[in-house]
Amino acid sequence: MSTSARYWREIPQRYRLEAGKCSGCGAIWFPPRLVCKECGKREFEVVNLPDRGKVQTFTVIRVPPSEFCDQAPYALGVIELENGVLLQCQIADCSPDELSVGMPVRIEFRKIKEEGEAGIICYGYKAVPVRE
Amino acid sequence: MAGIVGYGAYAPRYRIKVEEIAKVWGTDAESYKRGLRLEEKSVPGLDQDVITMSVEAARNALKRARIDPKKIGAVYIGSESHPYAVKPSGTVVGEAIGATPDVHCADFEFACKAGTEGMFVALGLIEAGKMEYALAIGADTSQGAPSDALEYSTAAGAAAFIFGTKDVIAEVTHTFSYMTDTPDFWRREYMHYPRHAGRFTGAPAYFKHIKGAAKAIMEISGKKPEDFAHVVFHQPNGKFPTTVGKQLGFKPQQLETGLLCPRLGNTYSGSSPMGLTAVLDVAKPGEEILMVSYGSGAGSDAFIYRITEKITEVQGLAPKTTDYLDRNKVYIDYGTYAKLRKKIRMGE
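Residues numbered from 1 in each chain as written. Chains lettered and ligands numbered in written order. Predicted model: local features only at pLDDT ≥ 70, side-chain atom pairs only at ≥ 80, totals over all residues. Heavy atoms only, no water.

Undergrad: Before we go on, may I ask you to explain the sheet that holds strand 2 (residues 14-17) of chain B in this structure?
TA: Sheet strands pair by backbone hydrogen bonding; their relative direction is either parallel or antiparallel. All names here are of chain B. Taken in spatial order, the three strands make up an open sheet running 3-2-14, and their pairing is mixed. Pairing within the sheet leaves two strands with one partner each, and these edge strands are strand 3 (40-43) and strand 14 (330-331). By the bridge criterion, four bridges tie strand 2 to strand 3 in an arrangement that is antiparallel. Note on strand 3: the bridge partner recorded for Tyr14 is Val43. With respect to the sheet, helix 1 (residues 18-25) is in contact with strand 2 and strand 3, its orientation differing from that of strand 2 by roughly 55°. (Pairing = 2+ DSSP bridges. Helix = DSSP H or I, 4+ residues; strand = E, 2+ residues; numbered from the N terminus. Contact = heavy atoms within 4.5 Å. Axes fitted to C-alpha atoms, helices over the stretch in contact; angles between N-to-C directions.)

Structure (structure tokens):
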């Protein structure tokens, strides 16, 4: 399958953080699931995840895949959003030595990667430290 | 009456000072600081472009408008740095804010006037009753060739406005547009950087069109310069808007709030729209605001806004424009700037 088709299929999650909320037990799954892991129900309501959270853990990538070489070193983190949902994403707009567990972050819309000079541009979410 | 129901701005956190650029090219930084009133400019990160900044500005506008994005009938983005040559920016932004699929999208381009061009069309659709809400955005990651005078000012930022007729915060009481064919600044297909005609960008271009639009809109509205609490002109540098304001009879205090260029740079299509967001952040009910854009090639769109009682309810619902300008910024050297702006030729 081409990259553009796979990217397109994930747009609701990558652009709008659309998650699935189980109509049986209320558990929220991101990315959405077909079957609730908690109660086994197959009906879900679409909900948008909150855009605030805090860093639960992170790691620093110093030897990245080729599309990300110009950004190294950069951090990948697990973000605990305000509603408790965990989100794995890049943490942008900071040098890795500024980061700490528990740091408040905001989710912003960013460019994730380009499929070379002539290919599509892939957009999505990244966490950005809140420094107010 | 139709007008703005929500607004928002966005600027990246990276900044480069005029001194840092002047050091590389052996020029006199003081002449740019004094002569053009430029101090520093914003620079987009590697993962930021017109689309990402437009989404953030639009999300701020939605927070203030407090509306269901599905009710937005049009998404218009004015820019001269759309990320794709062929593939709209508007569909990505519309999708990201949740306005798709029942929406009309278009990308506008008219040098630095593309943002107000979108605002003009969005307002017209609302006035015509074609839709409930329309979103217009002015955004750019402006290009300037290395060592060119433009390099000291070309910056990155976005401003978004949602137009409607319910819970309006700034009514648009008058509009006027003034256009001629004037080759003062251009970029040909496949060219990386724009070219300009030096001093010709002044009197027959910027000043003629701004004054033409400003004088005409004041005449049709019966307003005088002293009737406006704030005035926002296009800001290619800090000097031009100050000079044109003086020539039109405005006092420096009327320009102060919306004059962002000295510490932001020229965000091209985002320039006067971002100035307007800074004014809306502090505007009081009953105040009147004059805004005149300028785009090379050439033309100006002028708008008169009257602030309503609703403004105070929404000003604090999203980050203020000065928050993006003054907080959280980080200064970079020219090497980092060259990398972020992709001015370095890489190996295959």
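Undergrad: Honestly, the sheet that holds strand 1 (residues 3-10) of chain B in this entry has me stumped. Any pointers?
TA: Residues and elements named next belong to chain B. Spatial ordering of the open sheet is given by 5-4-6-7-1-8-13-12-11, a layout of nine strands whose pairing is mixed. In this open sheet, the two edge strands, each paired with only one partner strand, are strand 5 (104-108) and strand 11 (230-233). Averaged over all pairs of adjacent strands, the angle between their axes in this sheet comes to 20°, without regard to strand direction. Relative to strand 7 (residues 156-164), strand 6 (residues 133-141) is paired through eight bridges, and the arrangement is antiparallel. Bridged to Ala134 within strand 7 is Phe163. Relative to the sheet, helix 4 (residues 89-97) contacts strand 4 (72-78), strand 5 and strand 6, its axis offset from that of strand 4 by approximately 135°.

Undergrad: Explain the domain arrangement of chain A to me, please; I cannot follow it from the model alone.
TA: Many authors give the size of an interface as the accessible area that is lost as the parts come together. All names here are of chain A. Examined at the domain level, chain A breaks down into domain 1 (1-48) and domain 2 (50-132). Distance from the C-alpha centre of domain 1 to the C-alpha centre of domain 2: 21 Å. Contacts between the two partners involve 10 residues from domain 1 and, on the opposite side, 13 residues from domain 2. Here domain 1 and domain 2 share an interface that buries about 990 Å² over both sides, 71% of which is from carbon and sulfur atoms. Applying the counting rule to domain 1 against domain 2 returns zero salt bridges. (Domains from an automatic or database assignment. Buried area = accessible area lost by both parts, 1.4 Å probe. Salt bridge = Lys/Arg side-chain N within 4 Å of Asp/Glu carboxyl O.)

Undergrad: Just to check I follow, could you spell out helix 4 of chain B for this structure?
TA: For an α-helix the count is 3.6 residues per turn, leaving residues at separations of three or four pointing the same way. Along helix 4 of chain B, seven of the nine residues are buried, which leaves the element largely enclosed by surrounding structure. Looking one or two residues beyond helix 4 of chain B, the residue adopting positive phi is B:Gly98, at roughly 85°. (Buried < 20%, exposed > 50% of the residue type's maximum accessible area, 1.4 Å probe, protein only.)

Undergrad: I tried to follow the environment of B:Gly238 on my own but got confused; where do I start?
TA: All names here are of chain B. Along the chain, Gly238 falls in the loop between strand 11 and helix 7 (239-248). The spacing of Gly238 and Leu38 is 200 residues in sequence and 6.1 Å in space, taken between C-alpha atoms. For Gly238, the contacting residues outside a window of four places in its chain are Leu36, Arg37, Leu38, Leu259, Cys261 and Pro262.

Undergrad: Explain the interface of chain A and chain B to me, please; I cannot follow it from the model alone.
TA: Contact with chain A, which involves 22 residues of that partner, is made by 24 residues of chain B. Carbon and sulfur atoms make up 49% of the surface buried where chain A meets chain B, a total of about 2000 Å² over both sides. Viewed at the interface, chain B and chain A are joined by five salt bridges. For the salt bridge of A:Arg110 with B:Asp47, the shortest nitrogen-to-oxygen distance reads 3.1 Å. Secondary-structure elements contributing two or more residues to the side of chain A that touches chain B are helix 2 (11-16), strand 7 (104-114) and strand 8 (121-129) of chain A. Considering each element in turn, the side of chain A that touches chain B owes the most residues, six residues, to strand 7 of chain A.

Undergrad: Honestly, the pattern of salt bridges in this entry has me stumped. Any pointers?
TA: It is possible for side chains bearing opposite charge to pair when their charged atoms get close. Residues and elements named next belong to chain B. Counting across every chain of the model gives 31 salt bridges over all chains. The closest approach of N and O atoms between Lys33 and Glu19, which form a salt bridge, is 2.4 Å. You can see Lys33 sitting in helix 2 (residues 29-35) and its partner Glu19 sitting in helix 1, a full 14 residues away along the chain. Accessibility expressed as a relative area gives 32% for Glu19, which makes it partly exposed. Lys23 is the salt-bridge partner of Glu20, the closest N and O atoms lying 3.1 Å from each other. Of the two residues, Glu20 and Lys23 both sit in helix 1, three residues apart, roughly one turn of that helix.

Undergrad: Explanation requested: unusual backbone geometry in the structure shown.
TA: When glycine is set aside, most residues are seen to have a negative phi, and most peptide bonds are trans. Residue A:Pro31 follows A:Phe30 across a cis peptide bond; omega there is -5°. Inspection of the secondary structure puts A:Pro31 in the loop between strand 2 (28-29) and strand 3 (44-48). For the bond running from A:Ala72 to A:Pro73, omega is -5°, close enough to zero to count as cis. Relative to the helices and strands, A:Pro73 is located in the loop between strand 4 (52-61) and strand 5 (74-81). Phi at B:Lys87 takes a positive value of approximately 150°, unusual for a residue other than glycine. Mapped onto the elements of the fold, B:Lys87 is located in the loop between strand 4 and helix 4.

Undergrad: Explain the nonpolar core to me, please; I cannot follow it from the model alone.
TA: Generally speaking, a soluble globular protein has its nonpolar side chains buried in company with each other. Residue and element names in this part refer to chain B. Counting residues in hydrophobic clusters, the biggest one holds 79 residues, and the most contacted among them are Ile4, Ile72, Ile162, Phe163, Leu280 and Tyr305. Here this core gets nine residues from one element, more than from any other, and that element is helix 3 (residues 50-65). With residues up to four places along the chain from it excluded, the contact list for Leu280 reads Ile4, Tyr7, Phe161, Ala170, Ile289, Ile307, Ile311 and Gln315. Among the nonpolar cores identified, the runner-up in size contains 22 residues, and Ala214, Val244, Phe250 and Val292 belong to it. (Core = buried A, V, L, I, M, F, W, Y, C linked by side-chain atoms within 4.5 Å.)

Undergrad: Would you mind showing me how to read the side chain of B:Lys41 here?
TA: Residue and element names in this part refer to chain B. Among the secondary structure elements, Lys41 is positioned in strand 3. Notably, Lys41 is buried but unbridged: the nearest opposite-charge side chain belongs to Glu151, and the N-O separation is 5.8 Å. At 2.7 Å, the side chain of Lys41 and the backbone oxygen of Glu151 are in polar contact. Among the polar contacts made by the side chain of Lys41, one reaches the side chain of Tyr337 at a distance of 2.9 Å. When sequence neighbours within four positions are dropped, the list of residues in contact with Lys41 reads Tyr14, Arg15, Ile16, Ile21, Glu151, Tyr152, Ser153, Thr154, Ala155, Leu264, Gly265 and Tyr337. (Lys, Arg positive; Asp, Glu negative; His and termini not counted. Polar contact = N/O pair within 3.5 Å; in protein donor to acceptor, adjacent residues only side chain to side chain.)

Undergrad: Can you walk me through the state of the cysteines in this structure?
TA: A disulfide bridge is the covalent bond that connects two cysteines by way of their sulfur atoms. Residues and elements named next belong to chain A. Following the criterion strictly, the structure yields zero disulfides over all chains and no others. Free of any disulfide, Cys36 has its nearest neighbouring cysteine sulfur in Cys25, separated by 3.6 Å. Classification of Cys36 as buried rests on a relative accessible area of 3%. Between Cys89, a free cysteine, and Cys94, which holds the nearest cysteine sulfur, the sulfur-to-sulfur gap is 11 Å. Among the residues examined, Cys89 registers a relative accessible area of 5% and is labelled buried. (Disulfide = S-S within 2.5 Å.)

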